[in-house]
Structure formats: C-alpha cells, structure tokens
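Chain residues, written in single-letter form:
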Amino acid sequence: MYKTIIRPLLFNFDPEAVHHFSFKSVKLLNKLPGFSSLSRKRYHNNPKSLERELFGIKFPNPVGMAAGFDKDAKAFKEFSNLGFGFIEIGTLTPKPQDGNPKQRLFRLKDDAAIINRMGFNNGGVDAAVERLKKNPRPGEKGHVIIGGNIGKNKITPNEEAVNDYIICFEKLFEYVDYFTVNVSSPNTPGLRELQDRKPLTRILQTLQDINNKKPIRKPILLKIAPDLTDDQLMDIIGIVEDTRIDGVIATNTTIERNKLKSAESLQNEVGGLSGAPLTNRATQVISFLHSKSNGAFPIIGVGGIMSEKDALDKLNAGASLVQLYTGFIYEGPGLIKRINKAIIDQG
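Quick caveat: nothing in here was measured; it's all calculated off a predicted structure. Residues take numbers from 1 onward in each chain, read along the sequence in its written order. Under the rules for a predicted model, residues below a pLDDT of 70 receive no local features and side-chain atom pairs below 80 are neither given nor counted, while totals for whole chains, interfaces and linings still include all residues. Side-chain measures were taken over the full set of non-hydrogen atoms in the model, leaving aside hydrogen atoms and water.

A. Layout of the packing of helix α6 (residues 161-172) against helix α7 (residues 197-212). Axis lines are fitted through C-alpha atoms, for helices just across the contact stretch, and the angle between N-to-C directions can take any value from 0 to 180 degrees. Secondary structure elements are taken from DSSP: a helix is a run of H or I of four residues or more, a strand is a run of E of two residues or more, and numbering for both begins at the N terminus. Closest axis-to-axis distance for the α6/α7 pair is 10 Å, and the angle between their directions is 30°. As far as their axial angle goes, α7 and α6 are roughly parallel. In this structure, α6 meets α7 at a crossing whose hand is right-handed. Together, V162, Y165, I166, F169 and E170 of α6 and R202, I203, T206, L207, I210 and N211 of α7 make up the contact between the two elements. For this classification, Asp, Glu, Lys and Arg are treated as charged, while Ala, Val, Leu, Ile, Met, Phe, Trp, Tyr, Cys and Pro are nonpolar and the rest, including Gly, are polar. Classifying every residue of the contact of α6 with α7 by side-chain character gives seven nonpolar, two polar and two charged. Geometric relationships in this document are graded by angle, where less than 35 degrees denotes roughly parallel, more than 145 denotes roughly antiparallel, 65 to 115 denotes roughly perpendicular, and other angles denote oblique. By convention the crossing between two helices is left-handed if the near helix lies anticlockwise of the far one by an angle smaller than a right angle, and right-handed if it lies clockwise. Residues count as neighbours in contact if any of their non-hydrogen atoms are within 4.5 Å of one another.

This is the structure:
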C-alpha cells in the first residue's frame, strides 16, 4: 500500500513539508488506542536469532534508522514501533540553528535518490535531552536504543570545534546508548576538513579521555564520508586504532554525481546525495575498512540500502549493523521487515 498509494501521493508535495507531515502523522496515529501495539506486532516481531550484541549493547535486530531523520528526538518511540532495532538521532549541535535556506531537500525520483543541504538544522541539544528523558532506562521495558549523532554549530570555527563536541557529549551522555561523531556532512562549510588526521584525532581523543573517566563509558563511533580516498581510509583505520574508539559508520552522503538519470538541474543542486547511486560505493568502503583492518572494529553500514540484497551485501562486506534513510523514504516500513526476514533466511 505504501508504494502504490501513499508514496505517489506524498511525492506530489515538497519533500521537507512531507517530512514534517509524516512526523506529525506518525505521532498522531500512535496516539490512537491499540495502534502502537498493532504496529509492533506487524513490524517488530523479532526472534532471538536477529539479536546482535555490539560494544556491550544488545540490539533486538540489526536494522536501525540513520541520523538525519529524527534529528530532534521527536518520534524515536513511534519509529521504533515500525520495526527499527535502534534509532540514531541528530545531528545535534550545542545551540539551536535553522540550517541552510530553503529549498534544501530534493527528490531525484529517476535515480531513487535524495539530495539534501539541510545544514544541521536542529533545536539544540538541550531540547533533545528533555525528550530523551521520556525513554525508559536501558534494561527497562520499552527502552529504545538511541544513538546520539553530534556535530558543531555552523558559526563555530574549526579550531574550536572540539568544544562543541564536548558540550553535546556531556549533555547527552546519560540519555543515549552510543555516540556518533559527525565530521562528514558536506552541508556545513569546512566540516569535512575535520576528517584530516590531526583535527580528527584531537576530537576523538578528547572525547575518549572524558569517556574513560565516567563510571560506565559509552561507545563512540565515527561517521565518515564515502568520498575519502584509499589513503584517507587507511588514516581512518589508524585513527580508530590510536584513539581506541568503538567503531565506524560508513557512510554519509556523497558529493559525487556519477551516472545519474535525473534532470541536470536536479543533479546540479548543491548538497549530499543519498539513495541508490550510493549503494556500491558505501559497500566498497565497508569492505575496504573491514579487510584492511582485519575486522579490528565494528562497522555500521549505511548508504543506498534500497532492498534486502543491499543490506545483505553490506553485512557480508563486514558490517555488523545497517541503517536506513533514503530507502525507508522510497520503500516504507515494509523494507525493515523484509531485510530482517532476509537475514534470518540467510542464517
């Protein structure tokens, strides 16, 4: 029903307006008596064989929602009811910011893709924390596994970026299950420069030093761009080894525009490209990191997962978990269920 009725209707309207409408609809529907339990019964009936334990967290299934969808932690419970094994919120910044001017979200329907230049639009970390306080504690019934994706404000110069990451880390620490350090979005000017070895090592090591002083530390992951060269990917492996962070999320959106079918005016829109055109490159990055590191750290695979095969390819390439974003928009919640079934069938 989603692909034949709901999606064609929604795709007639502005993508960002549809995004907000979908949020409100999901929250409203979940307030109807019995709807939440019905959703969970339909989409979230996970056998033990789907459980994955990674960096000390037991995930009910390996399919999560990628960052960028529920930026402000407004609907993590409702989206969990659709079958996601975990939800990554953010990217969150210390101060609220509007992001880039609209229009900043574009559908490339002929390519099953999206271009966004949102620019870390979010209500700030404090507002998200207030919502996360409603999430039951780990081990309690109804707890949703939350990843906290953190970044810097646009106005913060790169030489002071570490302070923004510290603020978000400290404020979210009690309320998320793991952290993702985002230095790979193409939509904040200069942000990707923080992927260079020296500034990135400084940020990660600073967070690790704080982390290691906590009574119970939280896993820290690094989200990387798909546009890194092999030499840069080798640097990432070295940085993970040096800082002893817990893993990598591969990959963010791409600035490449290769072999697209959509109108040139759409292709030329500035921003990060996600969806089907990213499928192969994201899998290649996962495979490279896994093989060159000899499986030294866990990888969460994201980028162009539009089908069960795409998810299995990433898992077989070395990913331990996967995340959806554009595939969820194009395929609907049924994709989560199909991926989990394919994982069970593969054994």
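Next comes the rest of the write-up.
B. Structural context of a nonpolar patch on the surface. A residue counts toward a patch only above 30% relative accessible area and without a salt bridge, and it is joined to like-charged neighbours within 9 Å or, for Val, Leu, Ile, Met, Phe, Trp and Tyr, to nonpolar neighbours within 5 Å. Each accessible area is a Shrake-Rupley estimate made with a 1.4 Å probe; only the visible protein chains count as cover when residues are assessed. The working definition used for a salt bridge is a side-chain nitrogen of Lys or Arg within 4 Å of a carboxyl oxygen of Asp or Glu. Side chains of M1, I5 and I6 sit close together on the surface and give an oily, nonpolar patch of about 320 Å² of accessible area. When a residue's accessible area, from a 1.4 Å probe over protein chains only, is under 20% of the maximum for its type it is buried; when over 50% it is exposed; and in between it is partly exposed. Residue M1 is classed as exposed on the basis of its relative accessible area of 70%.

C. How the structure looks around the pairing of strand β9 (residues 220-224). By the criterion of burial, β9 is predominantly enclosed, with five of the five residues buried. Here β9 shows a buried face lined by I220, L222 and I224 and a second buried face lined by L221 and K223. Regarding the hand of the β-α-β motif, the stretch spanning strand β8 (residues 178-182), α7 and β9 is right-handed. Note: β9 against strand β10 (residues 247-250), four bridges, orientation parallel. Each residue of the ladder has a partner; that of L221, found in β10, is G247. In the classification by handedness, the crossover that spans β9, the intervening helix α8 (residues 230-243) and the parallel β10 is right-handed. Whether a crossover is right-handed comes down to one check: with the strands pointing away from the viewer, does the path from the first strand over the helix to the second run clockwise; if it does, it is right-handed. Any two strands are treated as partners once DSSP identifies two or more bridges connecting them.

D. Structural detail: the packing of aromatic side chains. Aromatic pairing here means that ring centres of Phe, Tyr or Trp (its six-membered ring) are within 6.5 Å. Orientation follows from the plane angle: under 30 degrees is stacked, over 60 is edge-to-face, and everything else is tilted. Per the counting criterion, the structure on display carries 15 aromatic pairs. Ring geometry for F59 against F86: centres 5.0 Å apart, planes inclined by 70°, an arrangement best described as edge-to-face. Here the residue F59 occupies a position in strand β2 (residues 57-59), and F86 occupies one in strand β4 (residues 86-92), the gap between them amounting to 27 residues. Across the pair, F86 and F59 agree in class, each one buried. Ring geometry for F69 versus Y325: centroids 5.5 Å apart, planes at 75°, classification edge-to-face. Remark: Y325 occurs in the loop between β13 (321-324) and α12 (326-331) and F69 occurs in the loop between β3 (63-65) and α4 (76-80); sequence separation between them is 256 residues. Among the aromatic residues, those joined into a cluster by ring pairs are F23, F69, F79, F84, Y325 and F328. Geometry around F11 places R107 over its ring, the cationic atom sitting 4.5 Å from the centre. Over the ring of F173 we find K214; its NZ or CZ atom is 4.8 Å from the centre of that ring. Geometrically, a charge over a ring is one whose NZ (Lys) or CZ (Arg) sits within 6 Å of the ring centre while staying within 35 degrees of the ring normal.

E. A look at unusual backbone geometry. Cis peptide bonds are those with omega within 30 degrees of zero, and the linkage from G90 to T91 qualifies with 15°. In this chain, A250 is followed by T251 through a cis amide linkage whose omega measures 15°. Tracing the backbone shows T251 in the loop between β10 and α9 (264-267). At F55, a residue that is not glycine, the phi angle is positive and equals roughly 35°. Note that F55 resides in the loop between β1 (52-54) and β2. According to the relative accessible area criterion, F55 is buried, its value standing at 19%.

F. Inspection of helix α11 (residues 308-317) at higher detail. Taken together, the buried positions of α11 are occupied by D310, A311, L312, K314, L315 and A317. Those residues of α11 that are buried lie in contact with α10 (279-292), β12 (299-302), β13 and α13 (334-346). Of the residues trailing α11, G318 is marked for its positive phi of about 135°.

G. Focus on the environment of A225. The residue A225 is located in the loop between β9 and α8 in this model. For A225, a relative accessible area of 1% corresponds to the buried category. Expressed as a C-alpha distance, the spacing of A225 and G68, which sit 157 residues apart in the sequence, is 15 Å. Apart from residues no more than four positions distant in its own chain, A225 is found in contact with S184, R192, Q195, T251 and N252.

H. Fine view of the sheet that holds strand β6 (residues 113-116). Spatial ordering of the open sheet is given by β5-β6-β11, a layout of three strands whose pairing is antiparallel. At either margin of the open sheet sits one strand with a lone partner, and together these are β5 (105-108) and β11 (272-275). Each strand axis lies, on average, 25° off the axis of its neighbour in the sheet, ignoring direction. Sheet analysis places β6 next to β11, joined by four bridges and oriented antiparallel. Bridging across to β11, I115 finds its partner in L273.

I. Inspection of the pattern of salt bridges at higher detail. Here the structure, examined in full by the defined rule, presents 16 salt bridges. Between D126 and K171 there is a salt bridge, with its nearest N and O atoms 3.0 Å apart. A residue pair is termed long-range when its members are at least 10 positions apart, and D126 in helix α5 (residues 125-132) and K171 in helix α6 qualify at 45 residues. Residue D126 is classed as partly exposed on the basis of its relative accessible area of 42%. For K171, a relative accessible area of 35% puts it in the partly exposed group. As a salt-bridge pair, D313 and K309 come within 2.7 Å of each other at their nearest N and O atoms. Remark: K309 and D313 occur in helix α11; sequence separation between them is four residues, near one turn of the helix. Take K309: its relative accessible area is 55%, and that puts it in the exposed class. One connected set of salt bridges, linked through shared partners, spans K3, E308, E331 and R338.

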